[in-house]
Amino acid sequence: MMDLQFDRDHLWHPYSNLSSPALTFPVVSAEGVRLKLADGRELIDGMSSWWACIHGYQVPELNAALHRQSEQMAHVMFGSLTHEPAIRLGQHLLAINDDALSQVFFADSGSVAVEAAMKMAAQYCHAQGMSQKKRFMTFRSGYHGDTFGAMSVCDPVNGMHHMFSRLLNQHHFIDPPRCGFDDAWDDVYIEPFKKALERHHEETIAVIFEPIVQGVGGMFFYHPEYLRQIRSLCDEYGVLLIFDEIATGFGRTGKMFAYQHAGVVPDILCLGKALTGGYMTLSAVLCQPHVGHGMGGNFMHGPTFMANPLACAVASASIDLLLAKDWQSEVQSLSDQLRKGIAPCADLPGVAATRVLGAIAVVEMENPVDVDRLIAAFVDAGVWVRPFSNLIYLMPPYIMQTPDTEALCGSLYSVIKNNPNTQ
Ligand SMILES: *Cc1c(COP(=O)(O)O)cnc(C)c1O
């Protein structure tokens, strides 16, 4: 038996409180699109373990890559050594991204990738004689991770970090995108950003935001024209552009990368989450050559586990697996089923809106939900769904088949129907 009392007394879970531990469910294994609980119940997974497990669990190709690599070497320092898994993964990442992105920095997690990207941009500006630049610019309602640099560009109020604001560097925050992905574009939408950049470009190191999908900050899907206009404004004013694709990368929005909806390329790109197919933590920062070669010397960043061979080998296997199948059709068909499946939720009391983009489905409630109560109701209904605030959302593994998607959406409907106003 698992010692769940120990878990409650001694282990922190994400965003949790040791004094009043949140509900947790013991899981013993996972396979395909199902998580198996210690009591034998199986849950259809609607979360992909936070955007990561795009191929589901116990993927034979990824297991094989992990075993093969573990018999060569699990890890070796990347300082003054190099290895095939890192080189292959670097080649893979450049091959699936725009040709303009040509340099790769490997890091351990999404937050660290954001730190490295911000540092890279700052060092570039310094080396280019623009030392007066000292701030970043970003949208409100953004999320970029939990470390100090990343926190400083998260939403200053709702970004989970407001209690640290006096310890953080102060950056420029712009009203978040309002024009939805499918809405009619009007140039007034870009005005707040344009005005801010006009006013502050001389001190702005870089603009950083999540392209197309604002994740934790509202699960809002916005118009690709924002990306095009911001790219051209950044070019006009000589300000670097950083896209945080940690959540959206590797097909989730229907394109391999969300920036491809707009046909523009950032100077610096952050990847993470689904990079290893959800097997282990790894992230990457890609940049264009003018950044990579314009930094005036060594880039002073070098995580101990940089380019960990196990993680790199699994990541390459995950990309191979994605490319070996018609993943666009897979994501499209999942998208169609999700759209059909959550449509009835729109008429339920307490529901403010529903929306789908790629393999992401969102039911936005009018009020914040009682998260633990809803999670428990979802588990009773046989599905794994973890809402936050007023957002109940699904982002299943791409391999999910129609009957499971229908069961997942059916449970979503009945749980929302039975819990119209939980808080
Ligand atoms: C999850 C996430 C991060 C942070 O990644 P970690 O691996 O949790 O550090 C950063 N940016 C975005 C957009 C994310 O979704």
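Keep in mind that this is a model prediction, so the values were computed, not measured.

Undergrad: Is there a simple way to explain the sheet that holds strand β13 (residues 351-357) in this structure?
TA: Strand pairing within a sheet occurs via backbone hydrogen bonds; the two strands may be parallel or antiparallel. One open sheet holds the three strands; their spatial order is β13-β14-β16, and the pairing between them is antiparallel. Of all the strands in the sheet, the pair left with one neighbour each is β13 and β16 (391-394). Shown here is a sheet whose adjacent strand axes are inclined to one another by a mean of 15 degrees, direction ignored. Judged from the six bridges that link them, β13 and strand β14 (residues 360-365) form a sheet pairing that is antiparallel. Bridge pairing links Val351 to Met365 in β14. Taken strand by strand, helix α13 (residues 402-418) contacts β13, β14 and β16, and its axis lies near 165 degrees from that of β16.

Undergrad: I keep staring at the site of the ligand and nothing clicks. Help me out?
TA: In the vicinity of the ligand, the residues found are Ser109, Gly110, Ser111, Tyr143, His144, Gly145, Glu210, Asp244, Ile246, Ala247 and Lys273. At 2.7 Å, a side-chain N or O of Asp244 approaches a nitrogen atom of the ligand. Computed on the free molecule, the ligand has an accessible area of 390 Å², of which 82% lies beneath the protein chains in the complex. For the shell around the ligand, a count of residues per class yields three nonpolar, five polar and three charged.

Undergrad: Is there a simple way to think about the packing of aromatic side chains in this case?
TA: Between two aromatic rings, the relevant description is the distance of the centres plus the angle of the planes. As enumerated under the stated definition, the model contains 14 aromatic pairs in all. With a centroid separation of 6.1 Å and an interplanar angle of 10 degrees, the aromatic rings of Phe257 and Tyr259 are classed as stacked. The burial state of Phe257 is the same as that of Tyr259; both residues are buried. Three or more aromatic residues joined by ring pairs make a cluster, and in this case those are Phe139, Trp185, Tyr189, Phe193, Phe209, Tyr222, Tyr226 and Phe243.

Undergrad: I keep staring at the pattern of salt bridges and nothing clicks. Help me out?
TA: Using the criterion set out here, one finds 14 salt bridges in the structure. Sharing partners across several salt bridges, the network here consists of Arg34, Glu42 and Asp404.

Undergrad: So what exactly am I meant to see when it comes to the nonpolar core here?
TA: Taken as a class, soluble globular proteins show a tendency for nonpolar side chains to be buried jointly. Among the nonpolar cores identified, the biggest contains 119 residues, and Leu93, Phe193, Val207, Leu227, Phe250, Ile392 and Leu412 are the most heavily contacted of them. Tallying contributions element by element places helix α5 (residues 110-127) first for this core, with nine residues. Contacts of Ile392, omitting those with residues within four sequence positions, involve Ala361, Val362, Val363, Met365, Val369, Leu374, Phe378, Val385, Pro387, Leu412 and Ile416. Of all hydrophobic cores here, the second largest spans six residues; its members include Val59, Leu62, Ala317 and Leu321.

Undergrad: It is not clear to me how the pairing of strand β7 (residues 204-209) should be interpreted in this structure. Could you clarify?
TA: Of all six residues making up β7, six are buried, and the element is well covered by its neighbours. Across three bridges, the pairing between strand β5 (residues 135-139) and β7 is parallel. Note that in β7 the partner of Phe136 across the bridge is Ala206.

Undergrad: So what exactly am I meant to see when it comes to helix α8 (residues 225-237) here?
TA: Along an α-helix, residues three or four apart share an orientation, since each turn contains 3.6 residues. The end-to-end C-alpha distance of α8, which contains 13 residues, comes to 18 Å, matching closely the 18 Å that a straight helix rising 1.5 Å per residue would cover. Residues of α8 that are buried: Glu225, Tyr226, Leu227, Gln229, Ile230, Arg231, Leu233 and Cys234. Its buried side turned inward, α8 meets β5, α7 (191-200), β7 and β10 (240-244). Gly238 sits one or two positions beyond α8 and adopts a positive phi of about 65 degrees.

Undergrad: Mind showing me how you'd approach the environment of Asp9 here?
TA: By secondary structure assignment, the location of Asp9 is in helix α1 (residues 4-10). Distance in space between the C-alpha atoms of Asp9 and Leu282 is 29 Å, their sequence separation being 273 residues.

Undergrad: Looking at this structure, how should I read the environment of Pro266?
TA: As for its position among the elements, Pro266 is in the loop between β10 and β11 (268-271). A residue is classified by how much of its surface remains accessible, and Pro266, at 0% relative accessible area, is buried. Once residues lying within four places of it in the same chain are set aside, the contact partners of Pro266 are Leu101, Arg231, Leu241, Phe243, Tyr259 and Gln288.

Undergrad: When you look at the sheet that holds strand β3 (residues 42-45) in this model, what are you seeing that I'm missing?
TA: If you trace the four strands from one edge of the open sheet to the other, you get β1-β2-β3-β15, paired in mixed fashion. Strand pairing shows two members of the sheet lacking a second neighbour, β1 (27-31) and β15 (383-384), which therefore form its edges. Two strands pair when backbone bridges link them, and strand β2 (residues 34-37) and β3 are joined in this way by three bridges, in the antiparallel orientation. Across the sheet, the residue bridging to Leu35 is Leu43, located in β3.

Undergrad: Got a minute to help me understand the state of the cysteines in this structure?
TA: Cysteine pairs can be covalently joined through their sulfur atoms, and such a bond is termed a disulfide. Per the counting criterion, the structure on display carries zero disulfides. Residue Cys345 stays outside any disulfide, its sulfur separated by 7.6 Å from that of Cys409, the closest cysteine.

Undergrad: Explain the side chain of Ser316 here, please?
TA: By the element assignment, Ser316 lies in helix α10 (residues 309-324). Filtering out sequence-adjacent residues up to four positions away, Ser316 remains in contact with Pro85, Arg88, Leu89 and His92.

Undergrad: Any chance you could explain the environment of Met300 here in plain terms?
TA: Mapped onto the secondary structure, Met300 falls in the loop between α9 (289-292) and α10. With 177 residues separating them in the primary sequence, Met300 and Gln123 have C-alpha atoms 9.3 Å apart.

Undergrad: Would you take a moment to explain the pairing of β1 for this structure?
TA: The side chains of a regular strand alternate between the sheet's two faces. Summarising the sheet, β1 and β2 pair through four bridges and their orientation is antiparallel. The residue bridging Glu31 from the neighbouring strand is Arg34, located in β2. Taking the residues that link successive antiparallel strands as the turn, the β1-β2 hairpin has two residues, and the phi of Gly32 there is positive, at about 60 degrees.

About the thresholds
- Residues numbered from 1 in each chain as written.
- Predicted model: local features only at pLDDT ≥ 70, side-chain atom pairs only at ≥ 80, totals over all residues.
- Heavy atoms only, no water.
- Pairing = 2+ DSSP bridges.
- Helix = DSSP H or I, 4+ residues; strand = E, 2+ residues; numbered from the N terminus.
- Axes fitted to C-alpha atoms, helices over the stretch in contact; angles between N-to-C directions.
- Contact = heavy atoms within 4.5 Å.
- Near = heavy atom within 4 Å.
- Polar contact = N/O pair within 3.5 Å; in protein donor to acceptor, adjacent residues only side chain to side chain.
- Areas by Shrake-Rupley, 256 points an atom, 1.4 Å probe, with all protein chains shown as cover.
- Nonpolar A, V, L, I, M, F, W, Y, C, P; charged D, E, K, R; others polar.
- Phe/Tyr/Trp six-rings, centres within 6.5 Å; stacked < 30°, edge-to-face > 60°.
- Buried < 20%, exposed > 50% of the residue type's maximum accessible area, 1.4 Å probe, protein only.
- Salt bridge = Lys/Arg side-chain N within 4 Å of Asp/Glu carboxyl O.
- Core = buried A, V, L, I, M, F, W, Y, C linked by side-chain atoms within 4.5 Å.
- Expected span 1.5 Å × (residues − 1).
- Disulfide = S-S within 2.5 Å.

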